[in-house]
Amino acid sequence: MISTQEITRTAVRALRRNKTRSMLTALGIIIGVAAVIAAFAVGSGANKSIDEQISSFGSNFIMVFPDRSASSTSTTQRYLTYDDAKAIGREVSGIDAVAPMVNTSATLIYGNTNWSTSVTGSTQEFSNVQEWELASGRDINASDVRQGTKVAVIGGTVSEKMFMGENPLGKSIRINKIPFTVVGVFEKKGQSQMGNDQDDFVLVPLTAAQKRLVRWHTAGRIGNIYIKGISMNALNYVQNETEALLRERHKIKPGEADDFAVRNVTQMLEARRKTTTIMSMLLGSIAVISLVVGGIGIMNIMLVSVTERTREIGIRMAVGAKAMDIRTQFLIEAMFLSMIGGAIGIVLGVVAGYALSSFTSAPPIFTASSILLAFVFSALVGVGFGYYPAWKASLLNPIDALKYE
């Protein structure tokens, strides 16, 4: 019986004699492995990004905002008010904090420095709901909100851009030409997962924003309401009770559409996770199909190779090669083709993963397990689809094979 080393050398020589055909045969495996690795990496990266977004929002977080697209009667408000927020905090149990909000953009002026940023008007509950910590100074308080005091708490980016290292506390900045006194600076949070600078904003009392910055005609109107529940288990109850309370306050009749929307942030991000998972499964399915197609390609080419090398097989059998030796040689050839394709596919998969991640705004995550799985699976595809040609070659009759032209 011929040694395994000799069989392996013979298989390698056979592949090297037909380099172009060997690489074309491995192309399906290359594409399949690259697709598997890219799909796993992009899916894992997107899911990690969603997990981080959930953590940054807080797992027990609810948003309420107007839904102006809803069809309703003329009695429907189609907006939220400060009284709505106070009613939610007063009448709905299971709530830790409620922060009504008004958001706008504004130009800040301090001395000769101008800076455009976003301005949030809210109450003393804002920092609790959004989990902001102070680096210096104080937060806005109930008295500021009650009196509409022109005070501001600024983010770290605003502090750097406007004051250039100078202590901002007590300084007066103009927000859309209206003077506000800086009473505090928030700790830095850095960029969000979407790439936004979370520190580039200014917080002012809700009433000051309503009267001096947005100046809506409707008294007490706000943009949205953020609610922080006491626990994850309380969220569904809080959401249902909030919806019922707002329907009652807005005089929405049974069967009429809400003029507001209540969204659980965890539910919203979980919906995104499901979408990401579906896309990953779709990419994974394409990858598996590519591997199967690659395996079929290997089988077809190996069958052609068996036909072309019939006389060679006959000579090898005539000089002592057993059926097992012939079968092993062709299996090794098929496995080598798959492994070469798998190795190249790993490299292309990493490149493809980074390329695809540019569309998801989340860096890909490559794991040793996914890469190893793709490589092993490619080798198994080679063995699985290469077995039939190898078996067929081993069944050749030496005398008939030697006569083959």
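So, the pairing of strand β3 (residues 95-110)
Relative to strand β11 (residues 224-229), β3 runs antiparallel, the two being bridged by 6 bridges. From the neighbouring strand, P100 faces β11, where its bridge partner is I225. For β3 and strand β4 (residues 113-122), the ladder comprises 9 bridges, and the chain directions are antiparallel. Each bridged residue has a counterpart across the sheet, and for N103 the counterpart in β4 is T120.

Overview of the pattern of salt bridges
Scanning all chains against the criterion turns up 9 salt bridges. For E131, the salt bridge is made with K228, and the minimal N-O distance between the two is 3.9 Å. A residue pair is termed long-range when its members are at least 10 positions apart, and E131 in the loop between α4 (126-130) and β5 (134-137) and K228 in strand β11 qualify at 97 residues. By relative accessible area, which is 14% here, K228 ends up buried. Between E160 and K188 there is a salt bridge; the shortest N-O distance is 2.2 Å. Pair noted here: E160 is in helix α6 (residues 156-163) and K188 is in the loop between β8 (178-186) and β9 (201-205), with a separation of 28 residues, a long-range link. What emerges from the salt-bridge pattern is a single network uniting D96, E131 and K228.

Comments concerning the packing of aromatic side chains
Across all of its chains, the model carries 7 aromatic pairs by this definition. With a centroid separation of 4.9 Å and 85° between ring planes, the pair formed by F61 and Y226 is classed as edge-to-face. You can see F61 sitting in strand β1 (residues 61-66) and its partner Y226 sitting in strand β11, a full 165 residues away along the chain. One exposure class covers both F61 and Y226, and it is buried. Centroid distance F186 to F201: 5.6 Å. Interplanar angle 10°. Geometry classified as stacked. A residue pair is termed long-range when its members are at least 10 positions apart, and F186 in strand β8 and F201 in strand β9 qualify at 15 residues. F201 shares its class with F186; the two are buried. Put simply, the rings of F126, W132, F186 and F201 pair up and form one aromatic cluster. Lying over the aromatic face of W132, K189 brings its terminal NZ or CZ to 4.3 Å of the ring centre.

Notes on the side chain of T157
Looking at the element boundaries, T157 is found in helix α6. Overall, T157 belongs to the buried group, its relative accessible area being 10%.

What to know about helix α8 (residues 235-249)
Between its first and last C-alpha, α8 extends 21 Å over 15 residues, near the 21 Å set by a 1.5 Å rise per residue. Restricting attention to buried positions, one finds in α8 the residues L235, V238, Q239, T242, L245 and L246. All buried residues of α8 lie within an arc of 135° about the axis, which places them on one face of the element. Positioned one or two residues after α8, K251 has a phi angle of 55°, which is positive.

A short note on a nonpolar patch on the surface
There is a patch of nonpolar side chains on the surface, built from M23, I340, I344 and L348 and spanning about 310 Å² of accessible area. In terms of residues, the nonpolar patch owes the most to one element, helix α11 (residues 323-357), which gives 3 residues. Tracing the sequence through the fold places L348 in helix α11.

Details of the confidence of the model for the protein
Looking at the protein as a whole, its pLDDT mean stands at 81, while 84% of the residues score no less than 70. For the protein, per-element mean pLDDT is lowest for helix α13 (residues 398-403), which scores 60, and highest for strand β6 (residues 151-154), which scores 97.

Overview of the environment of Q198
Summarising the element assignment, Q198 is placed in the loop between β8 and β9. Taking the C-alpha atoms as reference, Q198 lies 8.5 Å from T157; in sequence the two are 41 residues apart.

Details of the nonpolar core
The biggest cluster of nonpolar side chains holds 25 residues, and the ones touching the most others in it are V64, I88, I222, I225 and I227. Broken down by secondary-structure element, the contributors of at least two residues to this core are β1, α3 (82-91), β3, α7 (206-214), β11, α8 and β12 (260-264). Beyond its immediate stretch of four places on either side in the chain, I88 contacts I95, V98, I225, I227, T242, L245 and L246. Formed by 21 residues, the second largest nonpolar core is a distinct cluster that contains L291, I298, A321 and I326.

A word on the environment of L337
Along the chain, L337 falls in helix α11. The sequence separation of L337 and M23 amounts to 314 residues, and the corresponding C-alpha distance is 7.8 Å.

Considerations on the side chain of T81
Locating T81 in the fold gives a position in strand β2 (residues 80-81). Relative accessible area serves as the criterion here: at 11%, T81 is assigned to the buried category. Those residues in contact with T81 that lie beyond four places of it in its chain are G220, R221, I222 and R249.

Conventions adopted
- Residues numbered from 1 in each chain as written.
- Predicted model: local features only at pLDDT ≥ 70, side-chain atom pairs only at ≥ 80, totals over all residues.
- Heavy atoms only, no water.
- Pairing = 2+ DSSP bridges.
- Helix = DSSP H or I, 4+ residues; strand = E, 2+ residues; numbered from the N terminus.
- Salt bridge = Lys/Arg side-chain N within 4 Å of Asp/Glu carboxyl O.
- Buried < 20%, exposed > 50% of the residue type's maximum accessible area, 1.4 Å probe, protein only.
- Phe/Tyr/Trp six-rings, centres within 6.5 Å; stacked < 30°, edge-to-face > 60°.
- Lys NZ or Arg CZ within 6 Å of the ring centre and 35° of its normal.
- Expected span 1.5 Å × (residues − 1).
- Arc of directions from axis to C-beta.
- Patch = residues over 30% accessible without salt bridge, like charges linked within 9 Å, V, L, I, M, F, W, Y side chains within 5 Å.
- Areas by Shrake-Rupley, 256 points an atom, 1.4 Å probe, with all protein chains shown as cover.
- pLDDT = per-residue confidence, 0-100.
- Core = buried A, V, L, I, M, F, W, Y, C linked by side-chain atoms within 4.5 Å.
- Contact = heavy atoms within 4.5 Å.

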